Each structure stands twice: as C-alpha cells, then as structure tokens.
Amino acid sequence: MYVADSRAVAPEAPATTPSADNAARPRAGRRRAAVAPTVLALGTVSLITDVSSEMVTAVLPLYLVAGLGLSPLGFGLLDGIYNGFSALVRLVGGHLADRGGGRHKWVAGAGYALSAACKPLLLVAQTLTPIGLVLAADRTGKGLRTAPRDALISLSSTPENRGRAFGVHRAMDTAGALLGPLVAFLILRATVDGYDAVFMVSFCVAVVGVLVLVLFVPGGAAARAGAARVSDTGAGAVRPSGTGAGVRPSDTGACAGSGAMSGPACDSGSGPAYGSRSESGVGSKSGSGAEPDPGTGAGAGASSGPAGLECSTGTGAPAGPAPAPRPTLRAALALLHRPELRRIAVCALLLGLATVSDSFVFLLLQRRLGVPDRWFALLPLGTAAAFLLLAVPLGRLADRAGRWRVFVGGHGALLLAYALLLSSWQGTAAACAVLLLHGGFYAATDGVLMAAASDSVPTELRSSGLALVQTGQALARFVCSLGFGAAWTAWGDRTALTASAVLLALCAVLALGLRPIRPSVPSEGLV
C-alpha cells in the first residue's frame, strides 16, 4: 500500500520529481489517464448481471400486484426487502474483503453466485413468505458483492479520475439495465408462461456473469498495479535523466532501489523517502519488482521504515518488513470518527429516507398513463437510457466541479420527477420527462457517492468504509419503501408521494448544511 504524503524533492534533481500537489493535476497537453482494465472487466460483469436482475425487476411489480394480488402494503414490504435487505450484509461483505488481505474478487464472486442461484427459486415461490425469503437471499448476494466490487474500482483508479472510473462502470452497468427489461418484454410476448421463462433465462444469464468475473477480473493487488500503470501512462510519469526509472507521483512515501533517485533518508533503508518505478511499469517497487502483499504490507524488495512506510535498500533486498495491522470490524466502525466520512454517511441516510423505490415510481406512471400490462416491462428502459447517457458526463463533472454538488443536484432532479408525477401534465411527454429525471438522479448519485466516500477512506479499509455508507443508505430506503407502501394503502398514492416530496426537500436542505469536508490529501495510505 502506498502512503500519499507530500515532501520536498531531493536537491540534486529538483526539476524531475513532481510534488504531490502537481501530481494530482496532469500537466496540460498530456493524455488523460485511461480507465483501468479492472474497471472495464467489472463493468462487463455488472452489465451481464444487470441484464439478469433487471429482467426480474422489470416484471416483479406487476407479477406481485396483478399476478399474485398483493396489496400496496404487502408489495412495499417485499420491495423494501428487495432494495434494503442487502444493507444487513454489506458491512459484512466489506469487512470480509478487507480482512482477507485483498480478496475482494472472491467475496464479490460469492455474492454474484448467491444471487444467480435465487433466480430459479422464484418459480416455486407463490406466497408472500417464500417470495420474501427468496428475495432476501438474492439481496444478501447483492450486499456481499457491492462493497468489494466498488473497492476494486476505487483501488484500480487514481484519485483524480475516480469519478470518471465509477461513471464508466455505472454506464456499463446501466447498459445491462437497459437490455434486461427489453429481453423480459420480448420473452413475455413470445411465450405462454412468460414469467416462468423470464426467471429461467435470468438464471442462465447470471451464471455467465459469474464466469466472466472468475476468468477476467483480477484481485485487489493486481487492481492496484493496474491503477499504477494507468497513473503513469495517463498522468505523465516523469523519468529522471540517467536513471532508467520513472517516478510515480503518488508514491512519495516509498524508497527507491538501484537506479532511482534518493532523498535525504533513503540510502539507509529507513525513514521517509521518494518512490520509484521499475522499467517494466507493472506497479512494482524497484528492487525485485514485487508488489507488497496487501495483507502484510511486505513483499520482495520491500522493507518498512517509520510509520509503516515501504522502503528498500540500495540492492533491493528485504530489510526487516513489519506487517501492517490486519483490518478489524472495530477499525471499520471507527471510520465513522472521521468527520468527512461521517457527514457523507449521515447525508446519504437522510436522503435515502425520501427516495421512493423504482417499482413504486413505475406503478405510479402506469396508473397515471394507463399503460397496458404488456408494456409495463419497458418503463425501466427510460430510466436506464437516461442513466446510460448521463453517467460518464456527470462523473467527469463531479471530478471537476465537486462531487457533493453533483450528488445533491441529483436529488434535485428526483424532486422534480416527483413534482411532475403530482402535476396535471398527462401524455407520453410527461412520462418521458419523469423517466429522464429519474435516470439523471441515478447518474448523479450512484457512482458519485462512492467516489466521494472513497476520498475519505484508507486503502486497506476501502471495502468496509464504502459498505458503511451503502448500509445506511440501503436501510433508509428500506424504511422508505415500508412507509410509502403503508401510506399508499391508508391515504392513497397521491398523498404518499406528496409526503415523500416534502421530506426529500427537507433532507436536501439538511444535506447542503452537512456538506462534508474534502480531505486535503486522498486517503491512500495506512491509518
């Protein structure tokens, strides 16, 4: 793991070693950092998995309400389970990934596999209790995989392009969400027992997603190496003259081996010094070229200086490696003592309390416009299309203009969607406007929130830190689904939506007042 720590450059080469401040901003004229291969691989997994899950999500509201005759309250309970049960295991998934020494891939894979196994069980679940159990197991899989997956994205990208990386992943994820309802619609039109066919095809597609994850997604250590390559090729790694080794801007807390610049405390193998890169550019420390083990903080050619800084001797031989502290659940919960992360988590929870689930939004649209049952599965296409078009631009805007501004602005778009649903505007144009705002809301909040939280979480607790934020948000949305379903049953859909809109406006004002303090230095090192 690398310590993000800015220090003065060595006197003998002031022109070739960039400062930490300059490292965060690529020089003009240089090619912008590419998205890491890990992000693209995970995006492919999410695309395939979302085709599977959105096939079910697109037909589930109508299947439960029209097919099985559930009341809005009963549907609200199942919808709350579907969208909020994962909150109970997200922190567990993040902790297992961190404590496993970089086993993010395998924890995520277990989650994907569990969700895939639940799809055919919907064929035999016909009443509220078994359906609830199947949905709970499915969302348990989602809870296990979400934080490790987002941690892999974060670890494989640099702080200055993290919003873009999450935007690319969410765009690919949404491409699957766009295709899933379309596939479900075609299956319903082509088969007699349409729902059963949808569930079985969904299972087969989910299995393909698990196979892609196992075969093509690297683990945590390899993801960090990929981020180093992207940082060097895109942000412009500087090569000192006569050394043959490039200096990575973010590696300012590690010592160089042979052929690299040395600082005041580097030659002795202890103390703070300057980072170096091997000629191969594979994200390894100079010396033997081995990446430090994420669970121990040590590797071939790496040694430890004060405060766990990685350092190597002039020959690249180990010199007393000291293992890094193993992540614990207490350490993960202690992340909430960080003011910036605590504010992000509180704001995400407050805004989640007023976020009506997608299924209720689509049911409201169907009631207002009289959409036939056979066309209901196409309503999520509008949201997914808007998300797909806006995810990357809004991710880049968040990197430039500020992630919190974009995040709160996304909830403003959701508030406008509520207002349109409450207005007297009718017709296809009204439905398109609501779906556009709904997709814009997700594009401005989903990946942007994780990028904002990543800035406040150290590398070795990245999964756990992101899971803390996701857990609060998911629990809040679970409560919102239950409350909205109960209000709909008691007072009608219009009253329930009006209450949600007022609550969202109040929570947005509170979120602006609790705006998190952006860390002065990205949290890439040990705590």
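Right above here is the structure, for reference.
In this report, the structure presented in the accompanying data block is examined. These numbers were taken from a predicted model, which means no experiment stands behind them.

### Some details on the side chain of Ser-157
Relative to the helices and strands, Ser-157 is located in the loop between helix H6 (128-155) and helix H7 (162-190). On the basis of relative accessible area, Ser-157 is assigned to the buried category, the value being 7%. Polar side-chain contacts of Ser-157 include one of 3.0 Å to the backbone oxygen of Ile-153.

### A short note on the side chain of Arg-462
Within the secondary structure, Arg-462 sits in helix H16 (residues 462-491). Exposure remark for Arg-462: the relative accessible area of 0% places this residue in the buried category. A distance of 2.2 Å separates polar atoms of two side chains, one belonging to Arg-462 and the other to Ser-154. Polar contacts involving the side chain of Arg-462 include one to the main-chain carbonyl oxygen of Val-457, which spans 3.1 Å.

### Regarding empty space enclosed by the protein
Where empty space is left becomes clear once a probe the size of a water molecule has been rolled over the atoms. Scanning all chains against the criterion turns up eleven cavities of 30 Å³ or more. What lines the largest cavity is a set of 43 residues, and nearest its centre among them are Glu-54, Lys-142, Asp-358, Tyr-442 and Asp-446. If you list the elements that add at least two residues to the lining of the largest cavity, you get helix H2 (37-67), helix H3 (72-84), H6, H7, helix H12 (358-369), helix H13 (379-401), helix H15 (428-454) and H16. Split into classes, the residues belonging to the lining of the largest cavity amount to twelve nonpolar, 17 polar and 14 charged.

### Structural notes on the environment of Arg-368
In this fold, Arg-368 is placed in helix H12. On a C-alpha basis, the gap between Arg-368 and Leu-421 in space is 8.1 Å, while along the polypeptide they are 53 residues apart. Among all residues touching Arg-368, those that are not within four sequence positions of it are Leu-420, Leu-421, Ser-423, Ser-424, Trp-425 and Gln-426.

### Points about H2
Its 31 residues place the ends of H2 43 Å apart at the C-alpha level, agreeing with the 45 Å of an ideal helix rising 1.5 Å per residue. Maximal helix bending in H2 amounts to about 40°, located at Val-59; proline Pro-61 follows within four positions. With 24 of 31 residues buried, H2 lies mostly within the body of the structure. Looking at the residues trailing H2, positive phi occurs at Gly-69, about 75°.

### As for the nonpolar core
Judged by nonpolar contacts, the single largest core of 108 residues is most densely connected at Leu-64, Leu-135, Leu-449, Val-469, Phe-484 and Leu-497. Among the elements that take part in this core, H2 stands out by supplying 14 residues, more than any other.

### Digging into the packing of aromatic side chains
Applying the stated rule across the entire model yields ten aromatic pairs. Look at Phe-185 and Trp-375: their rings are 5.2 Å apart centre to centre, the planes differ by 25°, and that puts the pair in the stacked class. Linking Phe-185 in helix H7 with Trp-375 in the loop between H12 and H13, this pair joins segments that are 190 residues apart in sequence. On the accessibility criterion, Trp-375 (35% relative accessible area) is partly exposed. Plain terms: the ring middles of Phe-484 and Trp-488 are 6.1 Å apart, the flat faces sit at 85° to each other, and that makes the pair edge-to-face.

Cut-offs and rules
Residues numbered from 1 in each chain as written. Predicted model: local features only at pLDDT ≥ 70, side-chain atom pairs only at ≥ 80, totals over all residues. Heavy atoms only, no water. Helix = DSSP H or I, 4+ residues; strand = E, 2+ residues; numbered from the N terminus. Buried < 20%, exposed > 50% of the residue type's maximum accessible area, 1.4 Å probe, protein only. Polar contact = N/O pair within 3.5 Å; in protein donor to acceptor, adjacent residues only side chain to side chain. 1 Å grid on protein atoms, 1.4 Å probe; cavity = no way out; pocket = protein on both sides within 12 Å on 5 of 7 lines; lining within 4 Å. Points joined across faces, edges and corners; volume = space filled by probe spheres on them. Nonpolar A, V, L, I, M, F, W, Y, C, P; charged D, E, K, R; others polar. Contact = heavy atoms within 4.5 Å. Expected span 1.5 Å × (residues − 1). Bend = angle between axes of the 7 residues up to and from the residue. Core = buried A, V, L, I, M, F, W, Y, C linked by side-chain atoms within 4.5 Å. Phe/Tyr/Trp six-rings, centres within 6.5 Å; stacked < 30°, edge-to-face > 60°.

Bear in mind that shape data such as this cannot, by itself, settle questions of function.
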